[in-house]
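Each chain is listed here by its residues.
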Amino acid sequence: MTQGAGAVPIHSHCYAYRSYELFKQMFASQDGSSIQLIKAGLGGTPSELGIVRYDRDVLKEGTVQPDIVIVEFAVNDANDETEGNCYESLVLKALNANNQPAVILLFSVFMNDWNLQDRLAPVGRHYDLPMVSVKDAVVEQFRWTADQGKVISKKQFFYDIYHPTNTGHWVMADCLAWLFADTDQAISDEEDISTDKWPIIGNDYKGIQLLDRLNSEGIAQIDAGGFRETDNDLHTANMDDHTYGTPQFPNNWMHTTESGLDRFKMTIRSKRLILVFKDSGDPGFGTANIWVDGKLVRQGDPHIANWTHCNAVVLYNEQDANKHTVEIEMEVGHEDKRFTILGFGYVL
């Protein structure tokens, strides 16, 4: 949704860019240069991956400090195995930045009228955050007649069963603009929000950081073994207002036919660890076994989505930081296939 699927052209007709334009019309100086857009949506991925990407793709490794952060995972977080812990952690990660940005929760919707608003909206209520529900805005009126006040049909709103058309993206942007306008007219609250309270779902991952081939030195000891190559065929996203796609997790480790059978081995001291690996429709990719401290904890199946995609999975979640050894090797019978470790998210 946020990447802009269904919008043509994607960079200028997606809801993120259109809402940015509307915000500029309402509040910017004459040339609009005082307001900048950071768009970091990545198609088909949950907050479990989004929180790993946040420092890199939203904060640009600490070089920018957004004043307003809009979080939208209402239709992809079914794949968040933490069932909202990563979502609440991501919201808190944004809220607790030094510059104290405003955080807005946005809930988009699928053609079958479904989203995860019932799971995610309690987070917004818990921290008294502004929330915008596209589901609440459009679903009921889909059933109305023109005389009853129908504004748009499903056929007009949806490009496919998941994503909006240009018109649908415009409606989403208009929903956000309504919040902007309503807030501008509202009386300021005397007290700001507080995050100094127990989480409603969990906050285990709010301190997560990305580890990859580029920045692993000093964080972990790594022997890449048979995973020493680099994969350049990656999931891409139109970041910010770019017309081109930016490859995700380019500093990766890939096993190839010629790499040998040696395991990837990493030793790291942390409380929590998320593995990000590549999904692919290429039959040349095979399954890998993932071991933590000598115990097989899960298998990495690169054909879950079956298209070039990023998968995030939790390897461990503990209350105290301990030294752990993570090993990854190809499954028996898959030794001649490829597998790409895109990176890790770790909490010290």
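Just so you know, these numbers come straight off a predicted model, no measurement behind them.

Enquirer: Any chance you could explain the pairing of strand 9 (residues 264–279) here in plain terms?
Expert: The side chains of a regular strand alternate, residue by residue, between the two faces of the sheet. The element strand 9 is largely enclosed, with a buried count of 13 among its 16 residues. Sheet topology note: the strand 5 (residues 220–223)/strand 9 ladder contains four bridges and is antiparallel. If you follow I222 over to strand 9, its bridge partner there is M266. Sheet analysis places strand 9 next to strand 12 (residues 309–330), joined by 15 bridges and oriented antiparallel.

Enquirer: What is the right way to look at the pairing of strand 2 (residues 102–107) in this model?
Expert: Burial within strand 2 is extensive, with five of its six residues counted as buried. Taken together, the five bridges between strand 1 (residues 68–72) and strand 2 define a ladder with parallel strand orientation. Counterpart to V69 in the pairing with strand 2 is V103. Considered for its hand, the β-α-β crossover made up of strand 1, helix 4 (residues 85–95) and strand 2 is right-handed. Of the pairings in the sheet, the one linking strand 2 to strand 3 (residues 131–133) comprises three bridges and is parallel in character. Within strand 3, the residue paired with L106 across the bridge is V132.

Enquirer: Could you clarify how one ought to interpret the sheet that holds strand 3 in this entry?
Expert: One key point about sheets: their strands pair by backbone hydrogen bonds, in either a parallel or an antiparallel sense. Ordered in space as 1-2-3, the three strands form an open sheet in which the pairing is parallel. Each of the sheet's edge strands pairs with one partner strand only, and the pair in question is strand 1 and strand 3. Put simply, the sheet's adjacent strands are angled 20° from each other on average, direction ignored. Running over the sheet, helix 5 (residues 117–126) touches strand 2 and strand 3 and is turned about 160° from strand 2. Helix 6 (residues 134–142) contacts strand 2 and strand 3 of the sheet and is inclined by roughly 25° relative to strand 3.

Enquirer: How should helix 4 be read in this particular structure?
Expert: In an α-helix, one turn spans 3.6 residues, which is why side chains three or four residues apart end up on the same side. Most of helix 4 sits inside the fold, with 11 of its 11 residues counted as buried. Those residues of helix 4 that fall on the buried side of the exposure criterion are N85, C86, Y87, E88, S89, L90, V91, L92, K93, A94 and L95. Lining the buried residues of helix 4 we find helix 3 (47–58), strand 1, strand 2, helix 5 and strand 9.

Enquirer: Mind showing me how you'd approach the packing of helix 3 against helix 4 here?
Expert: If you want to describe how two helices pack, look at the angle between their axes and the distance between the axes. Here helix 3 crosses helix 4 at 25°, and the two axes come no closer than 8 Å. It follows that helix 3 is roughly parallel to helix 4 by the angle criterion. In the crossing of helix 3 with helix 4, the sense of the turn from one axis to the other is left-handed. Taken together, the residues of helix 4 that come into contact with helix 3 (itself represented by S47, E48, I51, Y54 and D55) are C86, Y87, S89, L90, K93 and A94.

Enquirer: Is there a simple way to think about the pattern of salt bridges in this case?
Expert: A side chain with one charge may pair with a side chain of the opposite charge, provided their charged atoms come close. Tallying each qualifying case throughout the model produces 14 salt bridges. Where E229 meets R228, a salt bridge forms, and the shortest distance between an N and an O atom there is 3.9 Å. Look at E229 and you get partly exposed, because its relative accessible area is 33%. Residue R228 is classed as partly exposed on the basis of its relative accessible area, which comes to 44%. With a shortest N-O distance of 3.1 Å, E329 and R263 are connected by a salt bridge. Taken together, the residues span a long stretch of sequence, with E329 in strand 12 and R263 in the loop between strand 8 (253–255) and strand 9 at a distance of 66 residues. By relative accessible area, R263 is classed as partly exposed at 27%.

Procedures and definitions
Residues numbered from 1 in each chain as written. Predicted model: local features only at pLDDT ≥ 70, side-chain atom pairs only at ≥ 80, totals over all residues. Heavy atoms only, no water. Buried < 20%, exposed > 50% of the residue type's maximum accessible area, 1.4 Å probe, protein only. Helix = DSSP H or I, 4+ residues; strand = E, 2+ residues; numbered from the N terminus. Pairing = 2+ DSSP bridges. Right-handed = clockwise from strand over helix to strand, strands pointing away. Axes fitted to C-alpha atoms, helices over the stretch in contact; angles between N-to-C directions. Contact = heavy atoms within 4.5 Å. Parallel < 35°, antiparallel > 145°, perpendicular 65-115°, else oblique. Left-handed = near helix turned anticlockwise from the far one by under 90°. Salt bridge = Lys/Arg side-chain N within 4 Å of Asp/Glu carboxyl O.

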